[in-house]
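Coordinate inspection notes
Listed below are the residues making up each chain.
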Amino acid sequence: MPGGWEADALVIFGVTGDLAQKMTFPALYRLERRGLLDVPVIGVAGRKLTTAELVDSARKSIERAEGSVNDAAFERLASRFTYVSGDVTSPEPYPRIAHALGGRRRPLYYLAMPPSLFAPIVDELAAAHLVAQARVALEKPFGHDLASARALNRQLNQVLAPEQILRVDHFLGKEPVIELEYLRFANSAMAELWNRDSVVSLQITMAEEFGVETRGSFYDKVGALRDVVQNHLLLVLALVAMDPPVGPSADDLWDKKVEVLRSIPDASVHQYVRGQYDGYLQLPGVAPGSATETFAALRLEINNWRWEGVPVFIRAGKRLPARVTEVRLILREPPRLNFLPDPGQVAPNQIVLRIGPEPGMRLQLSALSEESAWRLVPLDTIFAHELGEPLAPYERLLYAALTGDDRYFARQDAVEQSWRIVQPLLTYPPPVYPYPVGSWGPPEAAELLAGSPPWQQPWLPGT
């Protein structure tokens, strides 16, 4: 597909689902309010609704997300909506979708649907001659392991060219993830520290204080490794560790990310700890005696010139003490400072990028207090205070998809490399350890860091 592609319509499959209600409608409203939305919006789902009922549902979801609604902006958005109902796995609704498109030839089809429906929907669109100049955005997950990811891609490529497929991972639309690229390469002070000469270890934490709640039947088939590590956190690691892109294109950026992923050996089952929080087995939808992990911690290596010998530790879990996602680089300790009253070893400096909540960056330094005691001195920057309120992830991703900006969408080779890295952990899962609600996971996770600085207390808002 040639450069400069822009959508002339947006078709949302699964428009009555949770994702549309919680994320898509508010994102479309914000784009409308900013004057960035200029295409008709066609909603498709199985429920029997009128367009007026869809508009009413959209307004309620926007009110829940925004607190209030600008009537003029919402009326403009409402005027764009059309609703088509039907079984998307049969030919029946596609002539009506074509009619709603009204001859527009460059639609963006956004599939907010289970992955099992991706290929059937694309096949029906092709049979109705609706994909020649279209693009298709798919919500993760892209398969459930390496083999299924490859199989899905083969199915889609029977109908679509690779450049017609956009793989949506909302983490790639988060402002601090995007900002990391600029912080690293636009600041010599950062760039000079970002390698094995300065960094002794790298920690990535994604903690959630809430549990699986009512999503037991879904989550029990997925687990923490598939849910957030294989996609969100490995793609963040690729951005953290990559070398500078050679040019401004999406492929230039993804070439460097894939280089990092290719340099990561397969994860070792002996460097992987799984946990399950107390009470998980009592949740509705969870299989009796389930061994699905709600916590995952692993150690990885990056075998390239920049990062050789620097271990990477990743942990993610539910029902932990707080909700926070961060990347932490722990720098090498300085030499013993014999000229000072207390020549003891100074704590190593740290660079922390908090992805959420309240995204920001912390530089942790050491200083000597009036009492001749070492103290940690954090230098903090909160991005919203310094850079302004960012676009929400789905707002950014929808706008990028509509305007042909591919930088924020995962490339297939990156998806396959991510699955390749974790595949041994899926094939030969170790035992799952219980952990108390409100803890930082099973104590066995601490053993992964033997010989390296221990897990650090995350930087929480207000601390």
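What comes next is a walk through the structure. (Residues numbered from 1 in each chain as written. Predicted model: local features only at pLDDT ≥ 70, side-chain atom pairs only at ≥ 80, totals over all residues. Heavy atoms only, no water.)

**Quick look at the layout of surface pockets**
Size it by volume and the second largest pocket reaches roughly 300 Å³. Together, 16 residues line the second largest pocket, and Pro162, Glu163, Ile165, Arg167 and Arg411 are the ones closest to its centre. Elements supplying a minimum of two residues to the lining of the second largest pocket: helix H6 (146-157), strand S6 (165-168) and helix H11 (250-262). Within the lining of the second largest pocket, the residues separate by chemical class into seven nonpolar, three polar and six charged. (1 Å grid on protein atoms, 1.4 Å probe; cavity = no way out; pocket = protein on both sides within 12 Å on 5 of 7 lines; lining within 4 Å. Points joined across faces, edges and corners; volume = space filled by probe spheres on them. Helix = DSSP H or I, 4+ residues; strand = E, 2+ residues; numbered from the N terminus. Nonpolar A, V, L, I, M, F, W, Y, C, P; charged D, E, K, R; others polar.)

**Quick notes on the environment of Ala400**
By the element assignment, Ala400 lies in helix H13 (residues 393-403). Separated by 394 residues in sequence, Ala400 and Glu6 have C-alpha atoms that sit 9.5 Å apart.

**Quick notes on H13**
For H13, a buried count of eight out of eleven residues is recorded, marking the element as mostly surrounded by other parts of the structure. Of all the residues in H13, the buried ones are Tyr394, Glu395, Arg396, Leu397, Leu398, Ala400, Ala401 and Leu402. Looking at the buried residues of H13, the elements they touch are strand S1 (9-13), helix H1 (18-33), strand S4 (107-111), strand S5 (135-139), S6 and helix H7 (175-185). Once H13 ends, the next one or two residues include Gly404, with phi positive near 80 degrees. (Buried < 20%, exposed > 50% of the residue type's maximum accessible area, 1.4 Å probe, protein only. Contact = heavy atoms within 4.5 Å.)

**Some remarks on the nonpolar core**
Phe13, Tyr109, Leu237, Leu300 and Ile314 are the most contacted members of the largest nonpolar core, which totals 107 residues. Residue contributions to this core peak at 13 residues, all from helix H10 (residues 223-241). When near neighbours in sequence (up to four residues on either side) are disregarded, Phe13 contacts Val44, Val88, Tyr94, Ile97, Tyr109, Tyr110, Leu111, Ala112, Met113, Ile121 and Leu125. Core analysis: the next-biggest nonpolar cluster, separate from the first, contains 40 residues, Leu54, Ala58, Val69 and Leu397 among them. (Core = buried A, V, L, I, M, F, W, Y, C linked by side-chain atoms within 4.5 Å.)

**Observations regarding the packing of aromatic side chains**
For the coordinates displayed, the defined rule picks out seven aromatic pairs. Judged by centre distance (5.8 Å) and plane angle (85 degrees), the rings of Phe25 and Phe81 are edge-to-face. Taken together, the residues span a long stretch of sequence, with Phe25 in helix H1 and Phe81 in strand S3 (residues 81-85) at a distance of 56 residues. Counting every residue linked through ring pairs, the aromatic cluster contains Tyr277, Tyr280, Phe295 and Tyr435. Just above the ring of Phe74 sits the side chain of Arg59; from NZ or CZ to the centre is 5.1 Å. (Phe/Tyr/Trp six-rings, centres within 6.5 Å; stacked < 30°, edge-to-face > 60°. Lys NZ or Arg CZ within 6 Å of the ring centre and 35° of its normal.)

**What about empty space enclosed by the protein?**
Tallying each qualifying case throughout the model produces five cavities of 30 Å³ or more. In this structure, the largest cavity spans a volume of roughly 80 Å³. When residues of the lining of the largest cavity are assigned to their parent elements, the largest contribution, four residues, is made by helix H14 (residues 412-427). Residues belonging to the lining of the largest cavity are distributed by class as follows: seven nonpolar, four polar and two charged.

**Focus on unusual backbone geometry**
Residue Pro141 follows Lys140 across a cis peptide bond; omega there is 15 degrees. Among the structural elements, Pro141 can be located in the loop between S5 and H6. Residues Gly356 and Pro357 are joined by a peptide bond in cis, for which omega reads -10 degrees. Mapping Pro357 onto the fold places it in the loop between strand S12 (350-356) and strand S13 (360-368). The phi angle at His129 is positive, at roughly 60 degrees, despite the residue not being glycine. Tracing the backbone shows His129 in the loop between helix H5 (118-127) and S5. Located in the positive-phi region is Arg319, a residue other than glycine, with phi close to 55 degrees. Relative to the helices and strands, Arg319 resides in the loop between strand S10 (312-317) and strand S11 (324-331). Given a relative accessible area of 26%, Arg319 falls into the partly exposed group.

Keep in mind these values describe shape, not function.
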